[in-house]
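Structural overview
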Amino acid sequence: LRLPDGRTWIAFDFTYNRARARMLLDRSAEFLETARERAETAPAVCLDCAFSSAELAVQAEMLVMQQETHNHKVRGQWLAGWSENGNSPPAHASTLWRLADLRKKARYGSEHVDLKPGQLAKLLDIVEDMLEHARTRVEPPVHGSDSDGS
């Protein structure tokens, strides 16, 4: 409760599973870093890592909402609904679906992966945005302190 004079009487943070969610976000950042490092030399590895990074960011958001799944499709459906309700940009959901499709083709070599120039970089930028968006949901809100130290 914040009073009109700016003093805070008490504050509660009911974020669930924060420690696990933070760990997933750290792992997501590692996958994203690897994806960026391998984008030019190994696009298939890049796509696999980008998909993993995006999924971990989504899973972290789900965890703080007391939801969890090990199913790729369920995670994508959750994000689609989350985006439809205005809780994340629509590009996040469409990028997760696109990466799932590209990853499957790239990883198993079942089909040729056809990317337009600059498309991979754009996908990686959206994954980074997904990661940062998830961090804002997982990290505790920053509360200001009173100027007199009380």
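None of the values given here were measured: they were computed from a predicted structure.

Relative to the 27 Å expected for 19 residues at 1.5 Å per residue, helix H4 (residues 90-108) spans 28 Å between its end C-alpha atoms, a close match to the ideal helical length. Every buried residue of H4 is accounted for by His 92, Ala 93, Thr 95, Leu 96, Leu 99, Leu 102, Arg 103, Lys 105 and Ala 106. Contacts from the buried residues of H4 go to helix H2 (43-64), helix H3 (72-84) and helix H5 (119-138). Phi turns positive one or two residues past the end of H4, at Gly 109, with a value near 65°.

The share of residues in the protein chain with pLDDT of 70 or more is 90%, and the mean pLDDT across the chain is 90. Under a pLDDT of 50 for its full length, residues 145-150 has, in the predicted model, two contacts with residues more than four places off or in other chains.

Next up on the list: the packing of helix H1 (residues 18-38) against H5. Two elements in contact, H1 and H5, have axes separated by 10 Å at closest approach and are oriented at 165°. It follows that H1 is roughly antiparallel to H5 by the angle criterion. Crossing geometry of H1 relative to H5 is assigned as left-handed. Mapping the contact onto sequence places Arg 18, Ala 21, Arg 22, Leu 25, Asp 26, Ser 28, Ala 29, Leu 32, Ala 35 and Arg 36 in H1 and Leu 124, Asp 125, Val 127, Glu 128, Leu 131, Ala 134, Arg 135 and Val 138 in H5.

In this section: the side chain of Ser 83. One can find Ser 83 in helix H3. Taking relative accessible area as the criterion, Ser 83 reaches 9% and is therefore assigned buried. Setting aside residues up to four positions removed in sequence, Ser 83 forms contacts with Ser 88, Pro 89, Pro 90 and Ala 93.

Topologically, Gln 59 is positioned in helix H2. By relative accessible area, Gln 59 is classed as buried at 5%. Setting aside anything within four residues of it in sequence, one finds Gln 59 in contact with Leu 24, Gln 67, Glu 68, Thr 69 and Arg 75.

Moving on, we get to unusual backbone geometry. The phi angle of most residues is negative, glycine excepted, and most peptide bonds adopt the trans form. For Asn 17, which is not glycine, the phi dihedral falls at a positive 55°. Considering the arrangement of structural elements, one finds Asn 17 in the segment before H1. Given a relative accessible area of 35%, Asn 17 falls into the partly exposed group. Residues other than glycine seldom take positive phi values, yet Gln 66 does so here, at roughly 60°.

Per the counting criterion, the structure on display carries 15 salt bridges. Arg 98 is the salt-bridge partner of Asp 101, the closest N and O atoms lying 3.7 Å from each other. On the criterion of helical spacing, the pair formed by Asp 101 and Arg 98 is a turn pair, its members being three residues apart in helix H4. Among the residues examined, Arg 98 registers a relative accessible area of 28% and is labelled partly exposed.

The rules we used
- Residues numbered from 1 in each chain as written.
- Predicted model: local features only at pLDDT ≥ 70, side-chain atom pairs only at ≥ 80, totals over all residues.
- Heavy atoms only, no water.
- Helix = DSSP H or I, 4+ residues; strand = E, 2+ residues; numbered from the N terminus.
- Expected span 1.5 Å × (residues − 1).
- Buried < 20%, exposed > 50% of the residue type's maximum accessible area, 1.4 Å probe, protein only.
- Contact = heavy atoms within 4.5 Å.
- pLDDT = per-residue confidence, 0-100.
- Axes fitted to C-alpha atoms, helices over the stretch in contact; angles between N-to-C directions.
- Parallel < 35°, antiparallel > 145°, perpendicular 65-115°, else oblique.
- Left-handed = near helix turned anticlockwise from the far one by under 90°.
- Salt bridge = Lys/Arg side-chain N within 4 Å of Asp/Glu carboxyl O.

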